[in-house]
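Spelled out, the chains give:
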Amino acid sequence: MEKTKPLIGVTAHFSTENDYSWLRPVYYDAINKVGGAAVIIPITDEESVYDDIIERCDGILLTGGADVDPHRYGEDIKVFNGEISPIRDKVELYLARRAVELNKPLLGICRGIQVINVALGGTLYQDIHAQIKDRELMQHFQKAPRWYPTHKILIEKGSHVFNAFGKTEAWVNSFHHQAIKDVAPGFRVTSHSTDGLIESIENDSLKFAVGVQWHPEAMWGKDEEYLGLFRLFVGHCRVK
Ligand code: MN
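Here's what I pulled together on the structure shown here. Worth saying up front: this structure is predicted, and the values here are computed from it rather than measured.

Within this structure, the stated rule accounts for one cavity of 30 Å³ or more. Lining the largest cavity are V161, A164, F165, W214, P216, E225, Y226, G228 and L229. At the level of elements, α6 (160–165) and α7 (228–238) are the ones that each hand at least two residues to the lining of the largest cavity. Across the lining of the largest cavity, the residue classes break down as seven nonpolar, one polar and one charged.

Okay, here's the thing in structure tokens:
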């Protein structure tokens, strides 16, 4: 049978504490709904399989989760940094760099945007509320249902995020206590919240390399507008 659907590798969640790996179905259901064929990438210490996995995938989706180890961007771990997952950092940082090297479409969600940024040389705020003191931030870890949009983003025209929404302002959910500080070389900011946090980055010199700070996978079940980004991503995974 001829292969018709692009194969999209979706990274699993991993709990170091419980030695337990899982993934919310909304991630792979979104990929499958817009014409991709999703497979879950295991969080394994076995480096010898990383290249085989990425070479067989037509695109990589990095999912949400715990904080990236600050040593990965040259900082000590401050008291307000959250849980870290060394094996997950190892797998995902490798996949992000390798996807860029191979110019395979790459989408990062929440932790995923942070992984992409760190993998390619950027830095993070270890905690936005502890480290950003020059202005009042709004709530970026919402106390509302996961699907519910709680803040606005302002979107740059001509970006993938603009193409996904078809407009320069959109509403998103928010479940992050960290954010991008210094943007990785080659990437640009394509949306920000009204209090000035970076909500998406993209690299224009690659086929598709996009990170978003919100969780579209938690929103599309209520509003199909949020499938737009997945549709755009999978569309780029079809292009050889
Ligand atoms: Mn936010």
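There's more to say after this.
The topology assignment puts V210 in strand β13 (residues 209–212). For V210, a relative accessible area of 0% gives the class buried.

Take the packing of aromatic side chains next. Counted under the stated rule, the structure contains seven aromatic pairs. When the centroid spacing of 5.6 Å and the interplanar angle of 45° are considered together, the rings of Y50 and Y94 count as tilted. Linking Y50 in helix α2 (residues 50–56) with Y94 in helix α3 (residues 86–102), this pair joins segments that are 44 residues apart in sequence. Among the residues examined, Y50 registers a relative accessible area of 4% and is labelled buried. For Y94, a relative accessible area of 29% gives the class partly exposed. Taking the centre distance of 5.8 Å and the plane angle of 85° together, the rings of F165 and Y226 count as edge-to-face. Taken together, the positions of F165 in helix α6 and Y226 in the loop between β13 and α7 put the pair 61 residues apart, joining distant regions of the chain. For F165, a relative accessible area of 13% gives the class buried. In this arrangement the basic side chain of R146 is found over the ring face of F175, its NZ or CZ atom lying 4.5 Å from the centre. A cation over an aromatic ring shows up here: K222 above the ring of W147, its NZ or CZ 4.6 Å from the ring centre.

Attention now goes to the environment of T194. Among the structural elements, T194 can be located in the loop between β11 (188–193) and β12 (198–202). Through-space distance from the C-alpha of T194 to that of I60 is 29 Å; in sequence the pair is 134 residues apart.

Another point: the sheet that holds β13. Read across the open sheet, the nine strands follow the order β4-β1-β5-β6-β13-β12-β11-β8-β9; overall the sheet is mixed. A single partner strand is all that each edge strand has here, and the edge strands are β4 (37–41) and β9 (169–172). When strand polarity is set aside, the average angle formed by the axes of neighbouring strands in this sheet is 20°. Packing of helix α4 (residues 111–119) onto the sheet brings it into contact with β5 (59–62), β6 (106–109), β12 and β13, and relative to β6 it is tilted by some 125°.

Rules behind the numbers
- Residues numbered from 1 in each chain as written.
- Predicted model: local features only at pLDDT ≥ 70, side-chain atom pairs only at ≥ 80, totals over all residues.
- Heavy atoms only, no water.
- 1 Å grid on protein atoms, 1.4 Å probe; cavity = no way out; pocket = protein on both sides within 12 Å on 5 of 7 lines; lining within 4 Å.
- Points joined across faces, edges and corners; volume = space filled by probe spheres on them.
- Helix = DSSP H or I, 4+ residues; strand = E, 2+ residues; numbered from the N terminus.
- Nonpolar A, V, L, I, M, F, W, Y, C, P; charged D, E, K, R; others polar.
- Buried < 20%, exposed > 50% of the residue type's maximum accessible area, 1.4 Å probe, protein only.
- Phe/Tyr/Trp six-rings, centres within 6.5 Å; stacked < 30°, edge-to-face > 60°.
- Lys NZ or Arg CZ within 6 Å of the ring centre and 35° of its normal.
- Pairing = 2+ DSSP bridges.
- Axes fitted to C-alpha atoms, helices over the stretch in contact; angles between N-to-C directions.
- Contact = heavy atoms within 4.5 Å.

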